[in-house]
Amino acid sequence: MNIAVIGSGTMGNGIAHVFAQNSFSVFLIDINQDSLTKAVATISKNLDRMVSKGTVTVEQKSQTIQRISTFTDLQEGVRDADLVVEAATENVEIKLELFRQLEQYTKSTCIMASNTSSISITKIASVTQRPDKVIGMHFMNPVPVMKLVEVIRGYSTSDEVTNKILDLSKQLGKIPAEANDYPGFVANRILMPMINEAIYSLFEGVAGVEEIDTIMKLGMAHPMGPLQLADFIGLDVCLSILRVLHDGFGNPKYAPCPLLVNMVQAGHKGVKSGQGFYSYTHGTKDLVVADTFKKR
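Everything quoted here is computed from the prediction, not taken from an experiment.

1. Let's talk about the overall build of the protein
- Secondary structure summary: the protein contains 12 helices and 10 strands in total.
- Computed over its C-alpha atoms, the radius of gyration of the protein comes to 20 Å, within 12% of the 19 Å expected for a compact globule of 296 residues.
- Based on the C-alpha atoms only, the size of the protein along its principal axes is roughly 60 × 45 × 35 Å.
- Of the contacts formed within the protein by residues at least 6 apart in sequence, a portion of 65% connects residues at least 24 apart.
- By element, 51% of the accessible surface of the protein is carried by carbon and sulfur atoms, the whole surface being about 14400 Å².
- One finds the centroid of the 28 positive side-chain charges in the protein at a distance of 4 Å from the centroid of its 30 negative side-chain charges.

Listed below in structure tokens is the structure:
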């Protein structure tokens, strides 16, 4: 079975990694060759880490890398695919345009999946003539480590396609959980309001960054606090998802905190930009609260 993955960023290279490691031929596609080169290097580095832990052999690492081919031409990359997993930027117009093109370039039997974390699968499917073959396959970050795949059925997604994706997720060693197509699905419909409320707690002076995260880690047994998690996800991504929830439900409880809006407008997007609720430019793995939020 041939798998095409569109987008070679954090999610895309992770998805390519797990498919290739599980003996699938992978076509990794990006408009930028440098991004593809970086993605393959990241996969190789992650596999080296697995070799050092004894979870894969040197030979298995080599075989995994050999199963990945890279393409900058979308048509060429998806031509022989049995499944396409779109992992491009979380932008509805970009995704709609990609699926319009996939309609033209893929085989009629090809399943078209999106790794979107919040955008309607039904809306994405509406720009194709094969809405029964469009489905959500939402992996969690970091993909090689996290077990969950949130499988989202669009309004017209067929039972056959859904069952294939559920089975395929299990072949990857993942645990699939099925959700219907409503704003935020399940994972982000529950997670993002919690993150947003943590930001409001900071915005309103209820507690500081470290205190909020410590309370949630130690009191609720979360592996990382909600503000650190927001930085890890990307504050721009959090804002985008909250806007999808707010627009989709028309409920003010989903309105993004003004502090989040301002941070994104200022370019403080978390780990990816080096600055969010914490600072990531000091050269160590220790968490350092961003200067803006340090106690005066």
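That shown, we press on.
2. Quick notes on the sheet that holds strand 8 (residues 175-180)
- Here we have 8 strands laid out as an open sheet, ordered 3-2-1-4-5-6-7-8, and mixed in their pairing. In the strand order of this sheet, the two ends are held by strand 3 (68-71) and strand 8, each with one partner. Here the strands of the sheet are splayed against their neighbours by 25° on average, with no regard to which way each runs.
- Summarising the sheet, strand 1 (residues 2-6) and strand 2 (residues 25-29) pair through 5 bridges and their orientation is parallel. Following the sheet pairing, Asn2 is matched in strand 2 by Ser25.

3. A short note on the packing of aromatic side chains
- Across all of its chains, the model carries 6 aromatic pairs by this definition.
- An angle of 85° between the planes, with centres 5.7 Å apart, marks the rings of Phe27 and Phe71 as edge-to-face. One end of the pair, Phe27, is in strand 2; the other, Phe71, is in strand 3, and 44 residues separate them in sequence. The pair formed by Phe27 and Phe71 is uniform in burial state, with each residue classed as buried.
- Here a set of aromatic residues connected by ring pairs shows up, and it is made of Phe19, Phe24 and Phe139.

4. A look at the UniProt feature "domain: 3-hydroxyacyl-CoA dehydrogenase NAD binding" (unreviewed entry) in the protein
- Those places that UniProt annotates as "domain: 3-hydroxyacyl-CoA dehydrogenase NAD binding" (unreviewed entry) correspond, in this numbering, to residues 2-181.
- Structurally, residues 2-181 is divided into 44% helix and 22% strand, and its ends, taken at the C-alpha atoms, are 26 Å apart.

5. Side note on the packing of helix 9 (residues 209-220) against helix 10 (residues 226-233)
- One can describe the packing of helix 9 onto helix 10 by two numbers: an axis separation of 7 Å at closest approach and a directional angle of 100°. Taken together, the axes of helix 9 and helix 10 are roughly perpendicular relative to one another. In contact with Val209, Ile212, Asp213 and Met216 of helix 9, helix 10 contributes Pro226, Leu227 and Gln228.
- Class assignment of the residues belonging to the contact of helix 9 with helix 10 gives a composition of 5 nonpolar, 1 polar and 1 charged.

6. Here's the deal with the pattern of salt bridges
- By the definition in use, this model includes 11 salt bridges.
- Asp82 is the partner of Lys107 in a salt bridge, and the nearest nitrogen-oxygen pair spans 2.8 Å. Residue Lys107 is located in the loop between helix 5 (92-105) and strand 5 (111-114), and its partner Asp82 is located in the loop between helix 4 (74-78) and strand 4 (83-86); the two are separated by 25 residues in the primary sequence.
- Under the relative-accessibility criterion, Lys107 is labelled partly exposed at 33%.
- When its relative accessible area of 24% is taken as the criterion, Asp82 is described as partly exposed.
- Here Asp159 makes a salt bridge to Arg153, at a shortest N to O gap of 2.7 Å.

Cut-off values and rules
- Residues numbered from 1 in each chain as written.
- Predicted model: local features only at pLDDT ≥ 70, side-chain atom pairs only at ≥ 80, totals over all residues.
- Heavy atoms only, no water.
- Helix = DSSP H or I, 4+ residues; strand = E, 2+ residues; numbered from the N terminus.
- Rg over C-alpha atoms; globule rule 2.2 N^0.38 Å.
- Contact = heavy atoms within 4.5 Å.
- Areas by Shrake-Rupley, 256 points an atom, 1.4 Å probe, with all protein chains shown as cover.
- Lys, Arg positive; Asp, Glu negative; His and termini not counted.
- Charge placed at Lys NZ, Arg CZ, Asp CG, Glu CD.
- Pairing = 2+ DSSP bridges.
- Axes fitted to C-alpha atoms, helices over the stretch in contact; angles between N-to-C directions.
- Phe/Tyr/Trp six-rings, centres within 6.5 Å; stacked < 30°, edge-to-face > 60°.
- Buried < 20%, exposed > 50% of the residue type's maximum accessible area, 1.4 Å probe, protein only.
- UniProt positions renumbered as here; feature names shortened; annotations may be inferred.
- Parallel < 35°, antiparallel > 145°, perpendicular 65-115°, else oblique.
- Nonpolar A, V, L, I, M, F, W, Y, C, P; charged D, E, K, R; others polar.
- Salt bridge = Lys/Arg side-chain N within 4 Å of Asp/Glu carboxyl O.

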